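# Descriptive structure summary
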Amino acid sequence: MTDSENEKIKQQFREALDRKNHQHANPTAATAGDSKIHHTHGPADHKREFRRKSG
């Protein structure tokens, strides 16, 4: 391959990478004070028991 062909291929890859990065960049996804966790699991009023296996 010649240098011009290599540069053309590199330019195509750069453009594809820019398109990919632009699609994933969402400025509204991470707003201040907003968490991805909206609900807790449930009441944590009991302590988990660990028992040995007998037998």
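Up top is the structure.
The rules we used
- Residues numbered from 1 in each chain as written.
- Predicted model: local features only at pLDDT ≥ 70, side-chain atom pairs only at ≥ 80, totals over all residues.
- Heavy atoms only, no water.
- Helix = DSSP H or I, 4+ residues; strand = E, 2+ residues; numbered from the N terminus.
- Buried < 20%, exposed > 50% of the residue type's maximum accessible area, 1.4 Å probe, protein only.
- Patch = residues over 30% accessible without salt bridge, like charges linked within 9 Å, V, L, I, M, F, W, Y side chains within 5 Å.
- Areas by Shrake-Rupley, 256 points an atom, 1.4 Å probe, with all protein chains shown as cover.
- Salt bridge = Lys/Arg side-chain N within 4 Å of Asp/Glu carboxyl O.

Attention now goes to the overall build of the protein chain. When helices and strands are counted, the protein chain shows 1 helix and 0 strands. Counting over 55 residues, the protein chain shows a buried share of 0%.

A contiguous nonpolar surface patch, about 370 Å² in accessible area, is contributed by Met-1, Ile-9 and Phe-13. Within the fold, Phe-13 resides in helix H1 (residues 3-24). By relative accessible area, Phe-13 is classed as exposed at 61%.

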